[in-house]
Amino acid sequence: GAGVSQSPSNKVTEKGKDVELRCDPISGHTALYWYRQRLGQGLEFLIYFQGNSAPDKSGLPSDRFSAERTGESVSTLTIQRTQQEDSAVYLCASSLESIRGLDNSPLHFGNGTRLTVT
Amino acid sequence: DQQVKQNSPSLSVQEGRISILNCDYTNSMFDYFLWYKKYPAEGPTFLISISSIKDKNEDGRFTVFLNKSAKHLSLHIVPSQPGDSAVYFCAAAGSARQLTFGSGTQLTVLP
């Protein structure tokens, strides 16, 4: 497919378990972003990758959250010891370059992973 | 502290009429603004953007207006169509390489 792909689309987990969310960006897109949307709220920035490095991790809410990107392609977001407040839709987005690039290089979002922590 | 605010969680408009969605921001360093549209169970899709050097940008039925002195932008959709029913997110960017989003406005266009 030509778009950003995220898996799984839905994940239900018990409190205290670890989860791993996957994002396959559009081929050739060097910039990759993770956002989350909790119920009734806006999109909350988590982390940004340029290539395989993460120059901005400022949005990660706690040290239970980590992310990596390999081969300037796939990224995984890992949440350890999940808590109920982690329940949200986790959205991945990619762009040709950072959003400070061309006006016609907006973020392209995947459909998200809906995480429910019980 | 929300730097991008969409104070109307919902808006209903009759088909064919104008829809006006509003957004306010507090960070004077923001210089690039975007609107995204989101259908249920899908990711947001880019709609239109505006740089702070402009006060208006138009693309078909969609026009974004920027009032820098008021730190306010709006999205106008004319004429509104039932397929426009979605959640609309306003987003802003400054020197940081990430977008700050508002909480969204649910637009319902009534046939």
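Heads up: these notes are all about the structure in this document. (Residues numbered from 1 in each chain as written. Chains lettered and ligands numbered in written order. Predicted model: local features only at pLDDT ≥ 70, side-chain atom pairs only at ≥ 80, totals over all residues. Heavy atoms only, no water.)

This part is about the packing of aromatic side chains. Going through the model one piece at a time under the given rule, you end up with 12 aromatic pairs over all chains. Ring centres of tyrosine 35 of chain A and phenylalanine 45 of chain A lie 5.7 Å apart, and the angle between their planes is 70°; this geometry places the pair in the edge-to-face category. With tyrosine 35 of chain A in strand 4 (residues 31-37) and phenylalanine 45 of chain A in strand 5 (residues 43-50), this pair connects stretches of sequence that are 10 residues apart. In this pair, the class of tyrosine 35 of chain A matches that of phenylalanine 45 of chain A, namely buried. Aromatic rings pair up to connect Tyr33, Tyr35, Phe45, Tyr48 and Phe109 of chain A together with Tyr36, Phe46, Phe89 and Phe101 of chain B into one cluster. (Phe/Tyr/Trp six-rings, centres within 6.5 Å; stacked < 30°, edge-to-face > 60°. Helix = DSSP H or I, 4+ residues; strand = E, 2+ residues; numbered from the N terminus. Buried < 20%, exposed > 50% of the residue type's maximum accessible area, 1.4 Å probe, protein only.)

Here the focus is the interface of chain A and chain B. One widely used convention gives an interface's size as the accessible area the parts lose upon coming together. Tallying the contact residues gives 20 residues for chain A and 22 residues for chain B. The tally of links from chain A across to chain B stands at zero salt bridges. Listing elements by their share of the side of chain A that touches chain B, those giving two or more residues are strand 4 and strand 5 of chain A. Of the residues belonging to the side of chain A that touches chain B, the class tally is 11 nonpolar, six polar and three charged. (Contact = heavy atoms within 4.5 Å. Salt bridge = Lys/Arg side-chain N within 4 Å of Asp/Glu carboxyl O. Nonpolar A, V, L, I, M, F, W, Y, C, P; charged D, E, K, R; others polar.)

A few words on the side chain of arginine 36 of chain A. Residues and elements named next belong to chain A. With respect to the element layout, arginine 36 can be found in strand 4. Using a relative accessible area of 3% as the deciding quantity, one classes arginine 36 as buried. Polar contacts involving the side chain of arginine 36 include one to the side chain of tyrosine 90, which spans 3.3 Å. (Polar contact = N/O pair within 3.5 Å; in protein donor to acceptor, adjacent residues only side chain to side chain.)

All names here are of chain B. Judged by nonpolar contacts, the single largest core of 23 residues is most densely connected at Phe33, Trp35, Leu73, Leu75 and Tyr88. Listed by contribution, the elements that provide at least two residues to this core are strand 3 (19-25), strand 4 (32-38), strand 5 (45-51), strand 7 (62-67), strand 8 (72-77), strand 9 (86-93) and strand 11 (105-110). The element that contributes the greatest number of residues to this core is strand 9, accounting for four residues. Those residues in contact with phenylalanine 33 that lie beyond four places of it in its chain are Tyr25, Ile48, Ser49, Ile50, Leu66, Leu73, Ala91 and Ala92. (Core = buried A, V, L, I, M, F, W, Y, C linked by side-chain atoms within 4.5 Å.)

Attention shifts here to a nonpolar patch on the surface. A cluster of nonpolar side chains, namely Ile18, Ile20 and Val78 of chain B, defines an oily patch on the protein surface of about 220 Å² accessible area. Within the element layout of this structure, isoleucine 20 of chain B appears in strand 3. (Patch = residues over 30% accessible without salt bridge, like charges linked within 9 Å, V, L, I, M, F, W, Y side chains within 5 Å. Areas by Shrake-Rupley, 256 points an atom, 1.4 Å probe, with all protein chains shown as cover.)

A full pass over the atoms with the stated rule returns six salt bridges over all chains. Its salt-bridge partner being arginine 64 of chain A, residue aspartate 86 of chain A comes within 2.8 Å of it at the nearest N-O pair. On the criterion of sequence distance, the pair formed by aspartate 86 of chain A in the loop between strand 8 (75-79) and strand 9 (88-95) and arginine 64 of chain A in the loop between strand 6 (53-56) and strand 7 (65-69) is long-range, its members being 22 residues apart. Assigned by exposure class, aspartate 86 of chain A and arginine 64 of chain A land together as buried. With a shortest N-O distance of 4.0 Å, lysine 56 of chain B and glutamate 58 of chain B are connected by a salt bridge. Using a relative accessible area of 43% as the deciding quantity, one classes lysine 56 of chain B as partly exposed. According to the relative accessible area criterion, glutamate 58 of chain B is exposed, its value standing at 51%. Among the ionic contacts, a cluster of salt bridges with common partners joins Arg36, Arg38 and Glu44 of chain A.

Okay, the state of the cysteines next. Residue and element names in this part refer to chain A. According to the stated counting rule, one finds two disulfides over all chains in the structure shown. Across the disulfide, cysteine 23 is cross-linked to cysteine 92 (sulfur-sulfur distance 1.9 Å). Negative torsions about the S-S bond denote left-handed disulfides, and the value of about -65° found for cysteine 23 with cysteine 92 makes this one left-handed. With cysteine 23 in strand 3 (residues 19-24) and cysteine 92 in strand 9, this residue pair connects regions lying 69 residues apart in the sequence. (Disulfide = S-S within 2.5 Å.)

Shape descriptors only; they carry no functional weight alone.
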